[in-house]
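Listed below are the residues making up each chain.
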Amino acid sequence: MKTLNFMALIILVAVFATPFVWMISTSLKSYTETVIFPPKWIPTDIQWENFAVAWNSGPFLKYFMNSVLVSVGILVLQFITIIFAAYAFARYRFKGDRFLFGVTMITLMIPSQLIFLPVYLLLSKWGMLNTLLALILPFSSSAFGIFLLRQSFKQVQEELIEAARLDDASEWKIITKIMVPMARPTLVTFALFSFIAHWNDYFWPLVMTTTDVARTLPIGIAKIREVDGGTAWHILMAGNMILVLPILAVFFVAQRQIIKAFVYSGVK
């Protein structure tokens, strides 16, 4: 049984890791090696200059900074909205609370591609197209984040909150000193999901921007298209590596908190 589990794990890792390994390999090849058959996994001569070519193929520093500002800006606004909304849904009973929570959950089933047109028209009317705000404001809250954090807040013992209120603790202090610290692994997990989703987002920046002023890395990498009549796969994969590396860095920093979030939920 252990052998079967180990083999299944190896197969699963191979399925997910193979495309990533191929991307790394291709990013270090010459153009000739990317089009030969059968393909080679290990480059004959490593081409580190592919990364410089990809970076210099456009204003990639501008794209990178825009991606950072958009991803972090969305995350900050989401934290502000989901923490208080989740606390209200988890700890208060008021008329229509279940209905409002149900409406919030329904929004999880509505893809952004379905509502982009009215949002586009509204932002156009406000003169916000080709700005970072057009990429940030539509995602200033998250139904998934509210749901995830609500479940975490509900696990906090009511006696702990009542004891804080007996000590004249305000709701603000209860949220910031008790609820948020105890839900830190959940918040870190949500932050990782949100950061990855908006760092990699291609559709929304493509729709809301027409110039390089507010465009992000995925749009910049998509512009690496043709070289001598063919797709420059080695440059394109080098660009994708530039896109992926910040995500990997964030994951390795946050992985311990992510494990805590799942273990804590499992114990409860």
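This structure is a prediction, so every number in the text was calculated from the model and none was measured.

Thresholds applied
- Residues numbered from 1 in each chain as written.
- Predicted model: local features only at pLDDT ≥ 70, side-chain atom pairs only at ≥ 80, totals over all residues.
- Heavy atoms only, no water.
- Helix = DSSP H or I, 4+ residues; strand = E, 2+ residues; numbered from the N terminus.
- Buried < 20%, exposed > 50% of the residue type's maximum accessible area, 1.4 Å probe, protein only.
- Contact = heavy atoms within 4.5 Å.
- Areas by Shrake-Rupley, 256 points an atom, 1.4 Å probe, with all protein chains shown as cover.
- Lys, Arg positive; Asp, Glu negative; His and termini not counted.
- Charge placed at Lys NZ, Arg CZ, Asp CG, Glu CD.
- Axes fitted to C-alpha atoms, helices over the stretch in contact; angles between N-to-C directions.
- Left-handed = near helix turned anticlockwise from the far one by under 90°.
- Salt bridge = Lys/Arg side-chain N within 4 Å of Asp/Glu carboxyl O.

A. Spatial organisation of the overall build of the protein chain. Per the secondary structure count, the protein chain includes 14 helices and two strands. Considered along the principal axes of its C-alpha atoms, the protein chain spans approximately 70 × 60 × 30 Å. Here the protein chain holds 268 residues, and 37% of them are scored as buried. At a minimum sequence separation of 6, the contacts of the protein chain that also span at least 24 residues come to 73%. If you sum the accessible surface of the protein chain, you get close to 15900 Å²; carbon and sulfur atoms cover 71% of it. Across the protein chain, the centroid of the 21 positively charged side chains sits 6 Å from that of the 14 negatively charged ones.

B. Focus on unusual backbone geometry. If you check the backbone angles, N130 has positive phi at about 60° while not being a glycine. Topologically, N130 is positioned in the loop between helix 6 (112–125) and helix 7 (132–136). Residue classification places N130 among the partly exposed positions, given a relative accessible area of 24%. With a phi angle near 65°, D168 is a residue other than glycine that sits in the positive phi range. Relative to the helices and strands, D168 resides in the loop between helix 9 (158–166) and helix 10 (171–182). Residue D168 is classed as exposed on the basis of its relative accessible area, which comes to 72%.

C. View of the packing of helix 9 against helix 10. Relative orientation of the contacting elements helix 9 and helix 10 amounts to 150°, with a least axis distance of 10 Å. As for how helix 9 packs across helix 10, the hand of that crossing is right-handed. Counted together, L160, I161, A164 and R165 of helix 9 and E171, I174, I178, M179 and M182 of helix 10 form the full contact between these two elements.

D. Inspection of the pattern of salt bridges at higher detail. Taken as a whole, this structure holds five salt bridges when the rule is applied. Among the ionic pairs, D212 bridges to K223, the shortest N-O distance being 3.3 Å. You can see D212 sitting in the loop between helix 12 (203–208) and helix 13 (217–222) and its partner K223 sitting in the loop between helix 13 and strand 1 (226–227), a full 11 residues away along the chain. What makes K223 partly exposed here is its relative accessible area of 45%. Within this structure, E162, R165 and E171 form a network of salt bridges that share partners.

In short, geometric facts, not functional conclusions.
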